[in-house]
Amino acid sequence: MSLRADLATIAKWIKPDSSILDLGCGDGTLIKYLRNNYSVRAFGLEIDEKNIEACVKDGINVIQANLNDGLKTYFSENSFDYVIMTQTLQATKRPDLLIDEMLRVGNEGIVTFPNMAHWKARLQIGLGGYMPVTKYLPYEWFNTPNIHLCTVRDFQRLCKKQNIQILQTSFVDFQHSKSTLLMKLFPNLFGEIAIFRICKKLNQITTQPL
Amino acid sequence: MPETIPDNSVGIVEPKSLHFSEPLLLECGKTLPEYDIAYETYGELNARADNAVLICHALSGDQHAAGYLTKNDKKAGWWDSSIGPDKPIDTNHLFVVCINNLGGCKGSSGPNTKKPGTDQFWGPDFPIITVKDWVNSQYNVMNALGLKHWHAVIGGSLGGMQVMQWSIDYPDLIKHAIVIAAAPKLSAQNIAFNEVARQAITSDPDFHQGRYLDFDSIPRRGLMLARMLGHITYLSDDAMRDKFGRELREGKLNYGFDVEFQVESYLRYQGKSFVDRFDANTYLLMTKALDYFDPATEHGDSLVTALSHATAKFLVISFTSDWRFAPERSQEIVKSLLDAKKEVTYVEIDSAQGHDAFLIPIPHYMNVFRDYMSGITP
């Protein structure tokens, strides 16, 4: 089974027998893969009716809810090892609040998003003077669901601001799961899709002996 | 009568009955010395006896969930939309059992049947029955039919509450729990509606303290009012507007108190026809069972603790326009299941039909229901 590049990376990061919550799980591709190969306990959150039906057909536990309320309504603190959100962050109302919510519910979060500072996007906006349209961002500015696009650097800055620790990163291109040397050296220029594994920073003060 | 019985119907069904001579201890402290349970079955039990599913009925339901009792029946059973060959509860693969709950009025022991060994109607002396008591009696039916467990227990509304109780009280005997348009317990508003319905019945001069059968009378007006009130709570504002609007029956205002608007005519018709098929004392009992339902009380008032006993996988379904048991009530169930680390799928069906939507074959609802059921077919 060939898995989308970012999903394949996530699969490598997940500890077997862990519990995962996939936000915007689509037709359940990632959950199915993880369930079959790593015996994880998995739930999906999804809003689209057709996707939900596909999940139910495959015996995936799915909760019909939108991302903005779903986490708050249904999930308690630290109830999952991983809360995962692939290629969805940029389409949410408040990515910053959502990431906090992810790290309330999950011990760790895994986020993937398209990097707007990839050189192809930079060329289009810098030289062409128009909003980038690429294979991984196929929308025009007027019909895109992606209302909060960001770059690798933007995301790193958000993590710093929200006291979030970056545990692991990977950068892949849309078609190939291989991460090239250029992507590793200059992720914000050559990484098409960014993958971050994050957690809350431990509060330093409470761990200090009196 | 349906001209021809449709292919996806279970067809003509046979009413069946079981007699239990072992006394049943009830939650209220009283005992039913002996009792009958009327039931129907659809489909065949397989050789491994692992394909039996139990359908739990709601307030005014009964054992006749699918098919036709005679060729002359105008209407099929109350959940014919979901039970039958190739329907979500697929009788090609499943052995479906639906029973008339104790206290009912369609053949099981209840207020309109005679006290054992006497010629007297039970009437108001029939003990108060709870959801837990029903589940215990359904457990006895399961054994009497030679079944080892239920592959699934399925119900909507008050039926969904029985499903939850099954998953808590007999966790090892139910593999899948399908809870539709239900709530973990009634709200004050729900109880208030039930109380108005009960007052309508008991204040009818023909009620005779519940002994109306001895007086050869029926509290028609009271039961009709109770049903009319119920009907308002089963429909949504939108559904009523779509169905009736402010349409006039005679096309003009008559400036009187007779039926003028179509909605009045509809409610009166629903109320009147209900009186002919339902027993007032049963209505009182069923509403009390609803009021008392709260499985958390036995478990330190925690639904999470209560459900932590369950081993079943859950499918929970709610409907957006249902205000009797709104989606938020199903969300409470789902949240508790998740906190109790249970397996659960939850869908919220977009619908305009109110609480009644659970009986209506809405495409997304039917797809999810069918996909879930076919995925778990033994």
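Every value quoted in this text rests on a predicted model; they were computed, and no experiment measured them.

### Remarks on the overall build of chain A
Moving on, step 1. The secondary structure content of chain A amounts to 10 helices and seven strands.
Moving on, step 2. Here the C-alpha atoms of chain A give a radius of gyration of 17 Å, agreeing with the 17 Å that 2.2 N^0.38 yields for 210 residues.
Moving on, step 3. Structurally, chain A occupies a C-alpha span of about 55 × 50 × 30 Å along its principal axes.
Moving on, step 4. For chain A, the residues scored as buried account for 44% of the 210 residues in total.

### So, the overall build of chain B
Moving on, step 1. When helices and strands are tallied, chain B shows 10 helices and 12 strands.
Moving on, step 2. Computed over its C-alpha atoms, the radius of gyration of chain B comes to 20 Å, within 12% of the 21 Å expected for a compact globule of 378 residues.
Moving on, step 3. When the 378 residues of chain B are sorted by exposure, 49% land in the buried category.
Moving on, step 4. In chain B, the share of contacts with a sequence separation of at least 24, taken over all contacts with a separation of at least 6, comes to 70%.

### Here's the deal with the interface of chain A and chain B
Accessible area lost upon the coming together of the parts is a frequently used measure of interface size.
Moving on, step 1. Listed as interface residues are 15 residues of chain A and, on the opposing side, 17 residues of chain B.
Moving on, step 2. With five residues, helix α3 (residues 49-57) of chain A is the single largest residue contributor to the side of chain A that touches chain B.

### Quick word on the domain arrangement of chain B
Residue and element names in this part refer to chain B.
Moving on, step 1. What the domain assignment lists for chain B is domain 1 (16-186 + 295-375) and domain 2 (191-287).
Moving on, step 2. Distance between the C-alpha centres of domain 1 and domain 2: 25 Å.
Moving on, step 3. Every contact between the two is made by 23 residues of domain 1 and, on the other side, 19 residues of domain 2.
Moving on, step 4. Residues belonging to the side of domain 1 that touches domain 2 are distributed by class as follows: 11 nonpolar, 10 polar and two charged.

### Side note on helix α1 (residues 5-13) of chain A
Moving on, step 1. Among the residues making up α1 of chain A, those that are buried are A5, D6, L7, T9 and I10 of chain A.
Moving on, step 2. On the buried face of α1 of chain A, the contacting elements are α2 (29-38), β4 (80-86), β5 (106-114), β6 (164-172) and β7 (193-200) of chain A.

### Quick word on the pairing of β7 of chain A
Residues and elements named next belong to chain A.
Moving on, step 1. Extensive coverage of β7 is indicated by the burial of six of its eight residues.
Moving on, step 2. In this structure, β5 lies alongside β7, joined through six bridges in antiparallel fashion. The residue bridging V111 from the neighbouring strand is F196, located in β7.
Moving on, step 3. Direction of pairing for β6 relative to β7: antiparallel, over a ladder of eight bridges. Across the sheet, the residue bridging to I166 is I198, located in β7.

### Some remarks on the packing of helix α4 (residues 220-234) of chain B against helix α6 (residues 262-277) of chain B
All names here are of chain B.
Moving on, step 1. Running from amino to carboxyl end, α4 crosses α6 at an angle of 125°, the nearest separation of the two axes being 8 Å. By the angle between their axes, α4 is oblique relative to α6. Relative to α6, α4 is oriented so that their crossing is right-handed. Counted together, R220, L223, M224, L225, R227, M228 and H231 of α4 and L267, Q270, G271, K272, F274 and V275 of α6 form the full contact between these two elements.
Moving on, step 2. Looking at the contact of α4 with α6 residue by residue, the class counts come to seven nonpolar, three polar and three charged.

### Describing the environment of D242 of chain B
Moving on, step 1. The residue D242 of chain B is located in helix α5 (residues 237-243) in this model.
Moving on, step 2. Through-space distance from the C-alpha of D242 of chain B to that of Q353 of chain B is 9.7 Å; in sequence the pair is 111 residues apart.

### Brief notes about the environment of L89 of chain A
All names here are of chain A.
Moving on, step 1. Mapping L89 onto the fold places it in the loop between β4 and α5 (95-105).
Moving on, step 2. Separated by 112 residues in sequence, L89 and K201 place their C-alpha atoms 21 Å apart.
Moving on, step 3. Contacts of L89, omitting those with residues within four sequence positions, involve P95, V111 and F113.

### Quick look at the nonpolar core
Moving on, step 1. Counting residues in each nonpolar core, the largest one holds 162 residues, and the members touching the most others are L21 of chain A together with V53, I55, V153, A177 and V179 of chain B.
Moving on, step 2. Examining the composition of this core, we find that seven residues originate from one element, helix α7 (residues 280-292) of chain B, more than from any other.
Moving on, step 3. No fewer than three residues from each of domain 1 (16-186 + 295-375) and domain 2 (191-287) of chain B sit in this core.
Moving on, step 4. If we ignore the near neighbours within four places in the chain, the residues touching I55 of chain B are A65, W79, V96, V97, C98, I154 and G155 of chain B.

### A few points about unusual backbone geometry
Moving on, step 1. Here the phi dihedral of D17 of chain A falls at roughly 65°; this positive angle occurs in a residue that is not glycine.
Moving on, step 2. Mapped onto the fold, D17 of chain A is located in the loop between α1 and β1 (19-23).
Moving on, step 3. Located in the positive-phi region is A49 of chain B, a residue other than glycine, with phi close to 50°.
Moving on, step 4. In this fold, A49 of chain B is placed in the loop between β4 (35-42) and β5 (52-56).

The rules we used
Residues numbered from 1 in each chain as written. Chains lettered and ligands numbered in written order. Predicted model: local features only at pLDDT ≥ 70, side-chain atom pairs only at ≥ 80, totals over all residues. Helix = DSSP H or I, 4+ residues; strand = E, 2+ residues; numbered from the N terminus. Rg over C-alpha atoms; globule rule 2.2 N^0.38 Å. Buried ≥ 20, exposed ≤ 12 C-beta atoms within 10 Å, placed from the backbone. Contact = placed C-beta atoms within 7 Å. Domains from an automatic or database assignment. Nonpolar A, V, L, I, M, F, W, Y, C, P; charged D, E, K, R; others polar. Pairing = 2+ DSSP bridges. Axes fitted to C-alpha atoms, helices over the stretch in contact; angles between N-to-C directions. Parallel < 35°, antiparallel > 145°, perpendicular 65-115°, else oblique. Left-handed = near helix turned anticlockwise from the far one by under 90°. Core = buried A, V, L, I, M, F, W, Y, C linked by C-beta atoms within 7 Å.

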